[in-house]
Amino acid sequence: MGMSSLKLLKYVLFFFNLLFWICGCCILGFGIYLLIHNNFGVLFHNLPSLTLGNVFVIVGSIIMVVAFLGCMGSIKENKCLLMSFFILLLIILLAEVTLAILLFVYEQKLNEYVAKGLTDSIHRYHSDNSTKAAWDSIQSFCCGINGTSDWTSGPPASCPSDRKVEGCYAKARLWFHSNFLYIGIITICVCVIEVLGMSFALTLNCQIDKTSQTIGL
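Small disclaimer: the values here were computed from a predicted structure and weren't measured. (Residues numbered from 1 in each chain as written. Predicted model: local features only at pLDDT ≥ 70, side-chain atom pairs only at ≥ 80, totals over all residues. Heavy atoms only, no water.)

Counting across every chain of the model gives two disulfides. Residue C142 pairs covalently with C168 via a disulfide, S to S 2.0 Å. Here C142 and C168 share a disulfide; its torsion about the S-S bond, 90°, makes the bridge right-handed. Taken together, the positions of C142 in the loop between α5 (129-138) and α6 (168-178) and C168 in helix α6 put the pair 26 residues apart, joining distant regions of the chain. Here C143 is linked by a disulfide to C159, with a sulfur-sulfur distance of 2.0 Å. Every disulfide takes its handedness from the sign of the S-S torsion; for C143 and C159 that torsion is 80°, giving right-handed. Placement of the pair is C143 in the loop between α5 and α6 and C159 in the loop between α5 and α6, with a sequence separation of 16 residues. Residue classification places C143 among the buried positions, given a relative accessible area of 0%. Each bonded cysteine of the protein is numbered by sequence order, and under that numbering the disulfide pairs are 1-4, 2-3. Here C80 stays free of any disulfide, with the sulfur of C206 as its closest cysteine sulfur at 15 Å. (Disulfide = S-S within 2.5 Å. Helix = DSSP H or I, 4+ residues; strand = E, 2+ residues; numbered from the N terminus. Buried < 20%, exposed > 50% of the residue type's maximum accessible area, 1.4 Å probe, protein only.)

Attention now goes to helix α2 (residues 52-75). In this model α2 runs 34 Å from its N-terminal to its C-terminal C-alpha over 24 residues, within 8% of the 34 Å that 1.5 Å per residue would give. Those residues of α2 that fall on the buried side of the exposure criterion are G53, G60, M64, V66, A67, L69, G70, C71, G73 and S74. (Expected span 1.5 Å × (residues − 1).)

Next up, the structure:
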């Protein structure tokens, strides 16, 4: 592999990570928007920080840091940054695989935990204004956890008028299961992209060594 191939690989890795850095910025911005305009964390009293906004902020920040290392490591041909990029991608890939396995194994327990947390929040609906506001903002096309029967004193005004309306959690689970194939395809594509990024970084790192030896550095 000559100098021209090294430059090509370097710029491919750079633009590859630049694109992901921009995506990370968008995800981070969307997460901040959700944190400002939504307060769904109150629905889970034991884990108030477990919100979609926080997840987006964390994921966006991680993507930005990793992509920044990839950009700088490739354009500067810095072996230390490239190896840091490779190691972080490897850790993220292993974490994703581990998380997928845990979600598959403990799916039933997770469903029970979420259902219990939502049931507790329904009991706080009339005593906590934040919980009331969160439920009212969710219940546009759904009502309660599994349906209107979850509201023992009758469904609130924010629920649709249809008595047979689906529950919010039941509707979310139905959406997830009906789109499971697409979610799986997206997850596999993300893992493939991560493996490609790791391969490019390792190849560029090895080529930098060979080039340095060739020119006598």
